[in-house]
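Structural characterization, general
Below are the chains, spelled out letter by letter.
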Amino acid sequence: MISRYYLKCPGCAEAFDARLGVEPTRGTRFYLPCPHCGLPIRGSMSGTEPENHRIAIECEVLSDSAPESPDRRVVTINPFVPSRYDADTFTPMGSFPTMTLLQALGDDAYAKFQSERHAALEAGRDQWPTVRMLFQYYLQGNTGMFVRIAQQQLGLAWEPSTSHERTTVAYQAMGAVTTVITGTTGTTNANVVGRFSRKHFAAIKRNKDHLATFRRRGQSSAALERDVFTELNRFVEHHESWEMGLLGRFFGPGGKDAFDDLVLYRDEFSTVRDLYQHGFELACKCLWPLVAAQNTVKRGSPDDFGAVHPDRVPEKKRPRNLDKFDKLPNAFKIAYVAQVPGWEPFESLLNNRRRNMIGHATAHHDLQTGRVVSDESPSGMTYLEFLGEVLGVFEALSTLGQVLRASRVASSPDFGPFE
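Residues numbered from 1 in each chain as written. Predicted model: local features only at pLDDT ≥ 70, side-chain atom pairs only at ≥ 80, totals over all residues. Heavy atoms only, no water.

**Thoughts on the overall build of the protein chain**
To keep it simple, the criterion reads: Comment: elements are numbered from the N terminus, with helices defined as DSSP H or I runs of at least four residues and strands as E runs of at least two. Computation of the radius of gyration draws on C-alpha atoms alone. For the globule rule, the value is 2.2 Å times the number of residues to the power 0.38. Burial here depends on accessible area, computed with a 1.4 Å probe over protein chains only, as a share of the maximum for the residue type. Under 20% is buried, over 50% is exposed, and the range in between is partly exposed. Here the accessible surface of atoms and residues is derived via Shrake-Rupley with a 1.4 Å probe, and residues count as covered only by protein chains that are part of the display. Under the counting rule used here, the positive set is Lys and Arg, the negative set is Asp and Glu, and His together with the chain ends is not counted. By convention, charge coordinates are those of NZ in Lys, CZ in Arg, CG in Asp, or CD in Glu.
Counting its secondary structure elements, the protein chain contains 15 helices and ten strands. For 419 residues, the compact-globule estimate of 2.2 N^0.38 gives 22 Å, and the protein chain sits close to it at 24 Å. If you line up the protein chain on its principal axes, its C-alpha atoms span 80 × 55 × 40 Å. Out of the 419 residues in the protein chain, the part that is buried amounts to 51%. Total accessible area on the protein chain stands at roughly 18,900 Å², and carbon and sulfur atoms take up 48% of it. Of the side-chain charges in the protein chain, 48 are positive and 49 negative, and the distance between the mean point of each set is 9 Å.

Below you can see the structure in the form of structure tokens.
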């Protein structure tokens, strides 16, 4: 749907027509450029139904119903679709936001993207609130309410009467929703979790020290568990701010280049960067079960890192046990995980070079160019690329949450006192 406004720029005081693409949203901050002087003019919209949809623009609104005039300049934007500053016609691509995604992706990829996007938005809106409530009761240790929610609202046909069963149910419910939000195109979570599970169970059978390590560390991971859930919840609550990061996973050969000159007119950088940074740090704290399982399977002990180390890790930094691994810089932790076949995607999902650029004190969203830049990286990246990095961190954190589950299950009091 297109809303039309006759606006007056608060900078140059010139009047112009604005065509604003709108979609149902719980809250979206956007901006539009004055077609006379280029000043970014901020705005916001909210409302999931036509009757409660509201739009506010930080300038003088001369009219929200006056017909367009051929004598006035026009700006056309849609904060949900990348487009051009001079968008006003059907060509070239990006000049008419409504057609941009179809033009760029083609019929099949566009249909698949829309399907995954809508499924993700629906999962966050309709399913996550129940999962959040279930997980909160799990963290509180409220067994009665946990069982009630699991059975009455999630359809669980049996009663999880033990601690480790409730842990399993809680994490499975959380993983079911975060998997939908992540999507299926270009994702690796199922492969990572599957490989870890096979290694972990094989390690338990081979070495009693492996289970002892997971029990001991699982007991001390209660705070980390709560932090991971809290951060995943923040990601989902702000999902509309970063969900267009999914688009980058549908580009065909050379398709990404078509978007380099386009702008996503959103003004939510500070919120999304906080999610990215906190999620990145927490994900790196959850990498240890992966290397522990690999160490046991390959060398017989979760603390044995052997003689094969990533080239980037200096000899003096190479860990001798898991406690030393915990103290490594994040880049080195990621390198140890990524050297295991099947877990290489963590180099991309948790890109430390991008982390340093986005997290730099001078990093900001340049509304004149639509790029995220910093003093160390003046060219930066497009805002759409930035959202793709945020999606990658969400995928990594939600995947590693399922990996962390192994240590929480192992530390359950159902299995007797810890020795």
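**Quick word on the sheet that holds strand 1 (residues 2-8)**
Put simply, the rule reads: When DSSP finds two or more bridges between a pair of strands, those strands are recorded as paired. To get an axis, a line is fitted to the C-alpha atoms, and for a helix only the part in contact is used. The angle between two axes follows their N-to-C directions and goes from 0 to 180 degrees.
The mixed open sheet is built from four strands, whose spatial order is 6-1-2-7. For this open sheet the edge positions go to strand 6 (60-63) and strand 7 (74-77), each flanked by a neighbour on one side alone. With strand direction ignored, the average angle separating the axes of adjacent strands in the sheet is 35°. The pairing of strand 1 with strand 2 (residues 15-21) spans seven bridges and is antiparallel. Across the sheet, the residue bridging to Ser3 is Leu20, located in strand 2.

**What about the nonpolar core?**
The line we're drawing: We call a set of buried Ala, Val, Leu, Ile, Met, Phe, Trp, Tyr and Cys residues a nonpolar core when their side-chain atoms join them within 4.5 Å. Whether two residues are in contact is decided by their heavy atoms, any of which lying within 4.5 Å being enough.
The biggest cluster of nonpolar side chains holds 112 residues, and the ones touching the most others in it are Trp242, Phe346 and Phe386. With 15 residues, the single largest contributor to this core is helix 15 (residues 383-410). With sequence-adjacent residues up to four places away left out, Phe346 is seen in contact with Val192, Leu287, Leu290, Ile334, Val337, Ala396 and Leu400.

**What to know about the sheet that holds strand 3 (residues 25-33)**
Taken together, three strands build an open sheet; the order of strands is 3-4-5 and the sheet is antiparallel. One side of each edge strand has no neighbouring strand; the edge strands of this open sheet are strand 3 and strand 5 (54-57). Taken over all neighbouring pairs, the strand axes of this sheet differ in orientation by 15° on average, direction set aside. The pairing of strand 4 (residues 40-47) with strand 5 spans four bridges and is classified as antiparallel. In the sheet register, Ser46 faces strand 5, and the bridge partner there is Arg54.

**Topic: the side chain of Thr178**
Tracing the sequence through the fold places Thr178 in helix 4 (residues 163-182). For Thr178, a relative accessible area of 3% corresponds to the buried category. When sequence neighbours within four positions are dropped, the list of residues in contact with Thr178 reads Trp128, Phe394 and Ser398.

**Quick notes on the pattern of salt bridges**
Rule in force here: Any carboxyl oxygen of Asp or Glu within 4 Å of a side-chain nitrogen of Lys or Arg constitutes a salt bridge here.
Per the counting criterion, the structure on display carries 18 salt bridges. Between Arg217 and Asp323 there is a salt bridge whose closest N-O contact spans 3.2 Å. You can see Arg217 sitting in helix 6 (residues 208-219) and its partner Asp323 sitting in helix 11 (residues 322-326), a full 106 residues away along the chain.

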